[in-house]
Each structure stands twice: as C-alpha cells, then as structure tokens.
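If you want the building blocks of each chain, they are given just below.
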Amino acid sequence: QVQLVESGGGLVQAGGSLRLSCAASGIIFSINVWNWHRQAPGTERELVARIMSGGSTYYVDSVKGRFTISRDIAKNTLYLQMNSLKPEDTAMYYCAARGRASSRSNYNDYWGQGTQVTVSS
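Residues numbered from 1 in each chain as written. Predicted model: local features only at pLDDT ≥ 70, side-chain atom pairs only at ≥ 80, totals over all residues. Heavy atoms only, no water.

(A) Expanded view of the state of the cysteines. In the structure shown here, the tally under the stated rule is 1 disulfide. One disulfide in the model links Cys22 with Cys95; its S-S distance is 2.0 Å. When the S-S torsion is -70 degrees, as for the bridge of Cys22 with Cys95, the disulfide is left-handed. Separated by 73 residues along the polypeptide, Cys22 in strand E3 (residues 18-26) and Cys95 in strand E9 (residues 91-100) bring together distant segments of the chain. As far as the burial class goes, Cys22 and Cys95 line up, both buried. (Disulfide = S-S within 2.5 Å. Helix = DSSP H or I, 4+ residues; strand = E, 2+ residues; numbered from the N terminus. Buried < 20%, exposed > 50% of the residue type's maximum accessible area, 1.4 Å probe, protein only.)

(B) Expanded view of the environment of Thr57. Secondary-structure assignment places Thr57 in strand E6 (residues 57-59). Residue class for Thr57 comes out partly exposed when judged on its relative accessible area of 43%. Here the alpha-carbon distance between Thr57 and Ile69, two residues 12 residues apart in the chain, equals 7.5 Å. Those residues in contact with Thr57, other than ones at most four positions away along the chain, are Arg50, Ile51 and Ile69. (Contact = heavy atoms within 4.5 Å.)

(C) Region of the structure containing unusual backbone geometry. Phi is positive for Asn76, which is not a glycine, with a value near 50 degrees. The residue Asn76 is located in the loop between strand E7 (67-72) and strand E8 (77-82) in this model. The phi angle at Ser84 is positive, at roughly 50 degrees, despite the residue not being glycine. The residue Ser84 is located in the loop between E8 and E9 in this model. You can call Ser84 partly exposed: its relative accessible area is 40%.

(D) Fine view of the sheet that holds strand E1 (residues 2-7). Spatially, the 4 strands line up as an open sheet ordered E1-E3-E8-E7, and their pairing is antiparallel. Two strands lie at the open edges of the sheet, namely E1 and E7, each paired on one side alone. Here the average twist between neighbouring strands, direction ignored, is 15 degrees. With 6 bridges joining them, E1 and E3 adopt antiparallel strand pairing. Paired with Ser7 across the two strands is Ser21, which belongs to E3. (Pairing = 2+ DSSP bridges. Axes fitted to C-alpha atoms, helices over the stretch in contact; angles between N-to-C directions.)

(E) Just the nonpolar core, in detail. Counting residues in each nonpolar core, the largest one holds 29 residues, and the members touching the most others are Leu4, Trp34, Trp36, Leu80, Met82 and Tyr93. Elements represented by at least two residues in this core include exactly E1, E3, strand E4 (30-39), strand E5 (46-52), E7, E8, E9 and strand E11 (115-120). Here Leu4 is in contact with Cys22, Ala23, Ala24, Trp34, Cys95, Ala96, Ala97, Tyr110, Trp111, Gly112 and Gln113, once residues within four sequence places are set aside. (Core = buried A, V, L, I, M, F, W, Y, C linked by side-chain atoms within 4.5 Å.)

(F) Geometry of the pairing of E8. Along E8, 5 of the 6 residues are buried, which leaves the element largely enclosed by surrounding structure. Pairing of E3 with E8 involves 6 bridges; the strand directions are antiparallel. Across the sheet, residue Ala23 finds its bridge partner in E8, namely Thr77. Strand direction decides the pairing type here: E7 and E8, joined by 6 bridges, are antiparallel.

Shown next, in the form of structure tokens:
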C-alpha cells in the first residue's frame with residue numbers, strides 16, 4: 001500500500017508563491033505518473049499538472065508559466081512550485097500517483113488527503 005501526504009499549503013496574497021510537497025511512503029516499486037489536482041468549492045476536480053516517469057510534463061492552460069511540477073525520485077516526493085498566484089488558484093490541492101508495489105503487481109492509483117491553498121486579493 002502506498003500513502004501520499006501533501007504539505008505546503010496555506011494563505012498567501014495574490015502575486016505570492018507557495019511550494020507544495022507530496023511524500024509517498026509504503027511499499028513502492030515504481031511510480032510512473034505523478035499528478036497534482038485541485039478542487040474549489042462547487043467545482044469539479046481538475047488536473048493541474050502531471051509529470052511522467054520519463055520527465056515529460058503537462059500543465060493546464062491556466063497555470064502554464066506560473067506553476068512548475070517536479071519530483072525527487074530518490075525521495076519519492078513530488079513538488080509543485082506555484083508562483084504569481086491568483087485568487088482563482090484558491091482550492092484544495094491533491095497529489096495523486098499511479099504506482100505499483102512490485103514488478104509483478106498491477107498499477108494502482110493513490111491519492112493524498114489534500115492541502116488547502118488560499119490566495120487573497
């Protein structure tokens with residue numbers, strides 16, 4: 001079983017920065033996809049950024065040029081550097097990963113509990 005724990009959320013003024021972290025623990029053989037999602041009240045959860053095992057990345061248009069996703073493979077930790085934050089970035093941010101416990105295991109999707117990001121105007 002893999003556990004994901006996010007940290008780094010908080011309250012920041014518009015234009016400020018935050019860095020989210022997501023630490024994976026448990027029995028991990030490999031993780032081939034890491035995602036950051038967010039959900040604001042009354043809205044659907046959306047994919048914000050993705051990083052694949054090979055290093056390729058994806059960003060939703062609204063955060064391109066402002067957010068950077070990265071990971072430390074040795075530490076099994078995912079990051080999201082968020083700069084030039086806007087009030088519309090306010091949401092609960094969730095880390096998700098697709099991984100497996102052994103070379104013979106199936107891939108499973110794992111989710112963290114979320115960390116709140118609030119951007120004041």
